[in-house]
Every structure is written in structure tokens, then in C-alpha cells.
Amino acid sequence: MKKPKIYKTNGPSLTVPYKAIIIEYENLEASGEFAVSGEEKSVIRTIFPEIITSKINFDAIKNIDSLLIEIMRAFIDIREPLGLRIELITDRKTTNKNHKLICLEYLYQEQVRPAINAAFGVTAHIKSDVKNLPLQNNSFINQVVNNSTLLSPKMALRAMLLGAERLQIPNYPIDAVGGLFSYGQGKNSMFFDFAASQLDSMIGATLQTDKTKTNKYLKLLGYSTTEQRVASSINECNEAVKQIGFPVVIKPLAASQGTGVTANILHHEQIAEAFNGAIKHSNGRVIVEKHVEGDAHRFTMSNDALVLGIACIYPPFVIGDGKNNILKLIEIENERRKTPEKNELTFKNIKLDETMRNNLRLIGMNEHSIPKKETRINLLHTSNASLGGEVTILDAEETHPDNIKMAIDVTRLFKLNCSGIDFITPDITRSHREVGAIIEVNCQPGVAEIAAIDILKGHFLNKNNGRIDSTLVVTNDDKFVQQVLNDKKVANLRIGWANSEKSTLDDEIIRTGQNDLYDNCRSLLVRPDCDAIVISMSSENIVKDGLPIDYFNSCVVDTTCDDDVTTNEVKVFLKNHIGQFTN
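Residues numbered from 1 in each chain as written. Predicted model: local features only at pLDDT ≥ 70, side-chain atom pairs only at ≥ 80, totals over all residues. Heavy atoms only, no water.

1. Some words on the packing of helix H7 (residues 202-209) against helix H8 (residues 211-220)
- At a minimum axis distance of 5 Å, the contact between H7 and H8 shows a crossing angle of 105°. It follows from the interaxial angle that H7 and H8 lie roughly perpendicular. Between H7, through Thr-206, Leu-207, Gln-208 and Thr-209, and H8, the contact on the second element is made entirely by Lys-211, Lys-213, Thr-214 and Tyr-217.
- Considering only residue class, the contact of H7 with H8 consists of two nonpolar, four polar and two charged. (Axes fitted to C-alpha atoms, helices over the stretch in contact; angles between N-to-C directions. Helix = DSSP H or I, 4+ residues; strand = E, 2+ residues; numbered from the N terminus. Parallel < 35°, antiparallel > 145°, perpendicular 65-115°, else oblique. Contact = heavy atoms within 4.5 Å. Nonpolar A, V, L, I, M, F, W, Y, C, P; charged D, E, K, R; others polar.)

2. Describing the nonpolar core
- Core analysis: the largest hydrophobic core is formed by 68 residues, its most contacted members being Phe-48, Ile-56, Ile-71, Met-72, Phe-75 and Tyr-183.
- Here this core takes nine residues from helix H3 (residues 64-76), the largest share from any one element.
- Leu-517, Cys-521, Leu-525 and Phe-552 belong to the second largest nonpolar core, which has 26 residues in total. (Core = buried A, V, L, I, M, F, W, Y, C linked by side-chain atoms within 4.5 Å. Buried < 20%, exposed > 50% of the residue type's maximum accessible area, 1.4 Å probe, protein only.)

3. A closer look at the environment of Leu-416
- Secondary-structure assignment places Leu-416 in the loop between helix H13 (401-413) and strand E19 (418-425).
- The buried category is assigned to Leu-416, whose relative accessible area is 8%.
- Separated by 124 residues in sequence, Leu-416 and Val-292 place their C-alpha atoms 26 Å apart.

4. Examining the side chain of Arg-467
- Its place among the elements puts Arg-467 in the loop between helix H14 (449-460) and strand E21 (469-474).
- Once residues lying within four places of it in the same chain are set aside, the contact partners of Arg-467 are Gln-168, Pro-170, Gln-185, Asn-188, Asp-550 and Tyr-551.

5. Brief notes about the sheet that holds strand E9 (residues 228-231)
- The four strands lie next to each other as E9-E12-E10-E11, forming an open sheet whose pairing is antiparallel. Both outer strands of the open sheet, E9 and strand E11 (262-265), are each paired with one neighbouring strand and no more. In this sheet, neighbouring strand axes are inclined to one another by 20° on average, regardless of whether the strands run parallel or antiparallel.
- Across four bridges, E9 lies against strand E12 (residues 286-290) in antiparallel orientation. (Pairing = 2+ DSSP bridges.)

6. Quick look at unusual backbone geometry
- Residue Pro-247 is reached from Phe-246 by a cis peptide bond, and omega for that bond is -10°.
- One non-glycine residue, Gln-168, adopts positive backbone phi at about 60°.
- On the secondary structure map, Gln-168 appears in the loop between helix H6 (155-167) and strand E5 (171-175).
- Positive phi, normally seen in glycine, also occurs at Asn-465, with a value near 55°.
- Mapped onto the elements, Asn-465 comes out in the loop between H14 and E21.

7. Topic: the sheet that holds E21
- The strand order across the open sheet built from seven strands is E24-E23-E22-E25-E21-E26-E27, with neighbouring strands paired in mixed fashion. In this open sheet, the two edge strands, each paired with only one partner strand, are strand E24 (508-512) and strand E27 (578-582). Between one strand and the next, the sheet's axes are offset by a mean angle of 20°, whatever the strand orientation.
- Contacts between helix H15 (residues 478-488) and the sheet are confined to E21, strand E22 (495-498), strand E25 (532-537) and strand E26 (552-557), with E22 contributing the most and set at about 165° to the helix.

8. Considerations on H7
- Residues of H7 that are buried include every one of Gly-204, Ala-205, Leu-207 and Gln-208, and no others. Relative to the axis of H7, the buried residues are bounded by an arc of 160° and lie together on one face. In H7, the exposed residues that point more than 90 degrees away from the buried face are Met-202 and Ile-203. (Arc of directions from axis to C-beta.)

Shown next, in the form of C-alpha cells:
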């Protein structure tokens, strides 16, 4: 199988109405290599690890086309299903009539490269004479799986990008793999690092990174928080426990998502294991703090408002029925999670691990024990959705108003715009002044898509969904573009212009980049001093490359240009992505 040709579009094209990686590859229908046999499917099962094979629909694989698509989808969805489109194009001419196209929608291009490499590499392998050689330990397979995992968007970034797509808020990568994107355009644009916005201060970010600094500052502000000690050895942990008393929590100084946290420690025998679990994720020191009884509640704040609701986070647990053991109850609970109840958000299935087994031993049980009917068995003492915890969204009316005010005030006092305030209380309907404690402040809260949509609405709903006035000029003549720019000039309005060679803002050259239209556009769209944008292209380039952005308010066509934009195909295409045509 020959190496495919790969193209990238940054907006809708005549091929597909979305930004896509377009893969042109050899059409093997007429050859004896097109069909995929059962034996070849078996080889695929041995090549890939379970994290990939579990996501491949082997029944859907009939030929090379469906094989390529299934492998690519499995790699793209390696963390979670993204719902991105993967299409085989059969009704459009390619540069070679003996070729086919697969169009792969992307959030950012780095994310899909490992999927393409894996699909074509393995397909070529199973159609070769060496297909029976084992590839499970092959560095190629390990590399593409690792790269796909590393480059796949984490939960908060995935939620923000998919939320922006639903709201039709344009976004442009600054450091895509690192999670930094510019949402909106020009004067209406805003940077987000995952879910943290450019309005969050570095001071606030520094304060919340170190949990001891967070604790001290909260005490200074008069909020109820935990009693803490810092320890650098098991002996020091034991000394800290003597001072503050059981039960305690041992956790890293600055980790996140419950990493290395052991909660509700009741005996000195548990301290060594808890210390060793925390120190692996800390810089030589751990925190020993008083355990607070109650359920964990996450207040996600943005723009001085509560986002979505209050997330009540329960540790992974099962409810006894008097007849099934804990292993079976976990299986029953995981099956139930496939159809969650209203206001329930559950991200991970429960997977019994050694920590859970240790917790069961402490209460005199194991995975084969049969709990009494309606008895709740907490498998962990850490309330964390990423570890299989259950999340229920509470309405603002279900908490005491003091608690919402507390979350708003803490966010402001930490000099943050977006935050996640973790508050533990046995009764959320009572004021924080009476019961409960703030455990953590996070400047990069993990958010689901529904919360990301609320965050984005708060910033862009009154700003035309982040869009500025945009005009497409179809011409080869820069003088014609200059006339359009002159006609659009209004007092105090700064207009950017981009073509394939440069970008300018009020006639000042911003960037030069030969045959680099997208980046020239991007250099203007991320600038808050750009009030409107004009982009010029030839119709030939529109056919070849598609549009650099998803939508234009207006299109001006140079009718004197030799370039023919009146072809029906191009005209129909543009009408789907342009607000108004003028000549």
C-alpha cells in the first residue's frame, strides 16, 4: 500500500463543510487486497493493545476503507468519544481517479496525526508478506499509542472546544497540545488555558498551586478550612497526627485530580503507605491535614457567577442488596451508569484496585463480601470523578446562599476569574459559617461540556458569539482589495487584511508568510485591537484550499478578474458560508 497524500483545510471546503485532514490514498477495489479477512482481523487484535481494540467495531470492517476508518476512530477517541466526523468521499474527483479520500474532522491537527500513522501503518502491515510477525512490542505501535494518548485533548480542553463548536464560537490554537486557545475573533477574542481565562491573575494561580499557601490565605480571610501540617518523612507524619489527631488526610503539596491523596486515615499502620503514595507526586514534602466529614462539593465559578450548578462528588461506592458480593455490585453499578439519572454526571466506571481492596480490608470486608441490604460501602474515601466517583449536579437553590457568596468572594480574593472551589460539608443547605470547610481552590477547574458551555456563554453571549465583521474578497488584484478596505473604513475602526503573502492592520504590516493564508489570518484574529477583518483569495485557491475561517459576513467578488468565481459549484459553496454577496 503506497504512502497517502495528506492535506489540511482550516475551514469549510468544496470537499466537506468543516475543517478536516484530507487523506488521499490508493483505491484498491480492483485488486485482491481490498477485502479484509477474518484472519487479518485476528492479526489486528494481536497488534494493538486493549485500549485500542476495545474501541474498534470489528463487525464493521469489511474492506480496507472501513478498516482505515475504524482504526482512526479508535485512536481519536482513545480518551473519550469526541463525535468527530470521519467520512469516505466517493462522489468527488481527486487528483488521481485511482485514488480515494477520507476526510477527518479535527479539533487541532496534532491530535489526529497518530491516528493516521497507525491506520496506514498497520493496514500496510497486514497486507504485506510479514503480517504474521508480532507487532505488540514494536516501537511503532507503542509510539503511536503513546503519542495519541498524549496529544488527545484532556477533559477540560475537550469540553471547551466542543462547547465552542456547539455555540459557534470560533477558536484558534496558540499552543494546542498545551491547551491554550484563543476563542472569538479580534476585539472579541479571549485566551483560555483549558478552562482558565486570561483574566485569571498569575498571583492567584501561584497561590492555589501550593495547598499550604491556599490554606494560610483562606485562614487569613476568615474562612473555615482544615488544620494542616507539612511533613517530609513517615516519622514527621506520625508527629503531625499526634498534634491534630485522627482521622487525617495525607496528600501531595501541589498535585491535582486526587492524585496521591489518601483520606480518612484512622490508624498509624496506614500512614507509611499513604506517605509513600503522596511523596511520589510531591517535591519531598506532603501535607497532613485533619479529615473533614461530609460530601465534597465543587463550586465552578466564572465571571462572578456560578457555572451550571454545584457538583456534589461522592467517592465510588456500591449499595448492598443482601445477595450479591462487592464485585457483582460494582458490575451492576457500572451497568447502571450507562443510563444516568437526571443531573447525574459520571465520567468513569468503577475499577476495583489495590487501594479499594485496602479500604475494604479496613472495614473487615473484601471483594467477595456480601453487604447487607441498603448498606452503602465506600470503596474509596477520596471524592473524585476521575477515580470512578459519582457526580450529582445540585441547583443553586439547594444550597445556602452564604455558600454561593463564599465561592464568588473567594474567587475574587484569589484574583481569579474562573475557579473551582472545593467545599466539604455534611449539609450543603447550612451556611459555611456553621459547618464545613474549604479544602482547595483551583484556577484550572476540570469542566464537562455542559459547564464549558456556561463559561463560554458568560464571556461571549453579548459579543456576537465572539465574532467580528469579516469580509471575503475574491480577487487576484490587491488594488481591488484596497478599494474594499477604503470603503469599509470608519473612524476609530481598525481593519485587518490578510492574503496568502501577508497580514496588515491599518496598513501596518503584521506578518509576512508566503502561501500561509491561515496563519496570516490568525495573526489578526488573536489581536484585541483588530475590529474587523478582510481576507482576499482567488477562486482557484478557494477550490484548492477551502476557506481559512468558518464563516464570513459578506463576500465581494471582483467581476473584472480573469479568475472565474461564477462556476456553479463554487457559487453554491460560498453561499453556504457567506452572509451577503456584493460585486
